[in-house]
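# Architecture and fold: a report
The lines below spell out each chain.
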Amino acid sequence: RGLRDVAWRLLEERATMEQLRLNATLPLKVHNMAITVAPSFLEAGAAFAALRADGYKGDVYTFNSLLHSAAQSAKAMDENPGEVGLTPRLRGILSLMKKEGIRPDTVTFNVLIAACVRGRQDRAADLSSSGGSASQAALTLFQDMARRGIEPDGVTYGLLIRLLVQEGDDDSAMSLYYDMISR
């Protein structure tokens, strides 16, 4: 709670500085921190808007934080069916990321794969063109990582293995485990 308060206080102080016409801008890192600690996707979006107002386009950390916030807001969206769905949000953020020339990294894919693991099969499966189960969507994302030359880490393998085991595909989970230890 302390980091969130500091980040929001800095954003509020920025508004006060603007009123005083000091034209002070906050560093990108402060904006990224505000997005990261935002308690909801709506507040993360407001922090992103403040980042844009200060003339920044954002970086991979900015977009990974937005993706994480969108993925975390899925539970609230289940309670508010009128709210924009998770898949369109993730796709929108990924599209903006591409438009801005920001290359996804391992964390980007880990956030997307984690959305599959959370059991939101209908939403997660829409992330890949293959459709199907959450594990198919996650494995398609994993293959996309390889195509882009992005190295998976222990988190990536852990998420995938967990999902495969949850879906009863122990053979694929073991195969992935052996792939991981051979690297």
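Higher on the page you've got the structure.
Anyway, here's the lowdown on the structure attached to this text. Every residue gets a number counted from 1 within its own chain, in the order that chain's sequence is written. pLDDT decides what is reported in this predicted model: residues at 70 or higher carry local features, side-chain atom pairs at 80 or more are listed and counted, and totals for whole chains, interfaces and linings draw on all residues regardless. For side-chain calculations, the full set of non-hydrogen atoms in the structure is used, while hydrogens and water are omitted.

What follows is about the pattern of salt bridges. A side-chain nitrogen of Lys or Arg and a carboxyl oxygen of Asp or Glu constitute a salt bridge if their distance falls within 4 Å. For the structure shown, the criterion picks out five salt bridges. Across the salt bridge formed by aspartate 144 and arginine 147, the nearest N and O atoms sit 3.3 Å from each other. Taken together, the positions of aspartate 144 and arginine 147, both in helix α9 (residues 134-148) and three residues apart, correspond to about one turn of that helix. Relative accessibility under 20% of the residue-type maximum defines a buried residue, over 50% an exposed one, and the middle range a partly exposed one, all with a 1.4 Å probe and only protein chains included. A residue is classified by how much of its surface remains accessible, and aspartate 144, at 17% relative accessible area, is buried. Notably, a salt bridge pairs aspartate 144 with arginine 148, separated by 3.2 Å at the nearest N-O pair. With aspartate 144 and arginine 148 both in helix α9, this residue pair falls four residues apart, about one helical turn. By relative accessible area, arginine 148 is classed as partly exposed at 41%. Residues joined by salt bridges that share partners form a network here, namely Asp144, Arg147 and Arg148. Working definition: helices are DSSP H or I runs of at least four residues, strands are E runs of at least two. Numbering for both runs from the N terminus.

Attention now moves to helix α10 (residues 154-166). Take the residue count of a helix, subtract one, and multiply by 1.5 Å to get its expected span. Helix length check: α10 (13 residues) gives 18 Å between terminal C-alpha atoms against 18 Å at 1.5 Å per residue, within 8%. Those residues of α10 that sit buried are Thr156, Tyr157, Leu159, Leu160, Ile161, Leu163 and Leu164. Buried-residue contacts for α10 involve α7 (106-117), α9 and α11 (170-182). Two N or O atoms form a polar contact when they lie within 3.5 Å of each other; inside protein one atom must be a possible hydrogen donor and the other a possible acceptor, and for residues adjacent in sequence the pair counts only when both atoms belong to side chains. One side-chain oxygen at the N-terminal end of α10 lies 3.1 Å from the backbone nitrogen of valine 155; it belongs to aspartate 153. Looking one or two residues past α10, glycine 168 carries a phi angle of roughly 80°, positive in sign. In this analysis, two residues are considered to be in contact whenever any of their non-hydrogen atoms come within 4.5 Å of each other.

Okay, the packing of helix α2 (residues 28-37) against helix α3 (residues 41-53) next. With their axes 8 Å apart at the nearest point, α2 and α3 run at an angle of 165° to one another. Compared by their axis directions, α2 and α3 come out roughly antiparallel. For the pair α2 and α3, the crossing hand works out as left-handed. Residues Leu28, His31, Asn32, Ala34 and Ile35 of α2 lie in contact with α3, whose contacting residues are Ala44, Ala47, Phe48, Ala50 and Leu51. Basically, the charged four are Asp, Glu, Lys and Arg, the nonpolar ten are Ala, Val, Leu, Ile, Met, Phe, Trp, Tyr, Cys and Pro, and anything else, Gly included, counts as polar. Classifying every residue of the contact of α2 with α3 gives eight nonpolar, two polar and no charged. With axes taken as lines fitted to C-alpha atoms, and helix axes fitted only over the stretch in contact, angles between N-to-C directions fall between 0 and 180 degrees. Working definition: roughly parallel below 35 degrees, roughly antiparallel above 145 degrees, roughly perpendicular at 65 to 115 degrees, and oblique for all remaining angles. Crossing chirality is assigned from the near helix's rotation relative to the far helix, an anticlockwise turn below a right angle marking it left-handed and a clockwise turn marking it right-handed.

A word on the packing of helix α4 (residues 60-72) against α7. Between α4 and α7, the shortest axis-to-axis distance is 9 Å and the interhelical angle comes to 5°. Relative to α7, α4 is oriented roughly parallel. Touching Val60, Asn64, Leu67, His68 and Ala71 of α4 are Val107, Thr108, Val111 and Leu112, all from α7. Class assignment for the residues of the contact of α4 with α7 results in six nonpolar, three polar and no charged.

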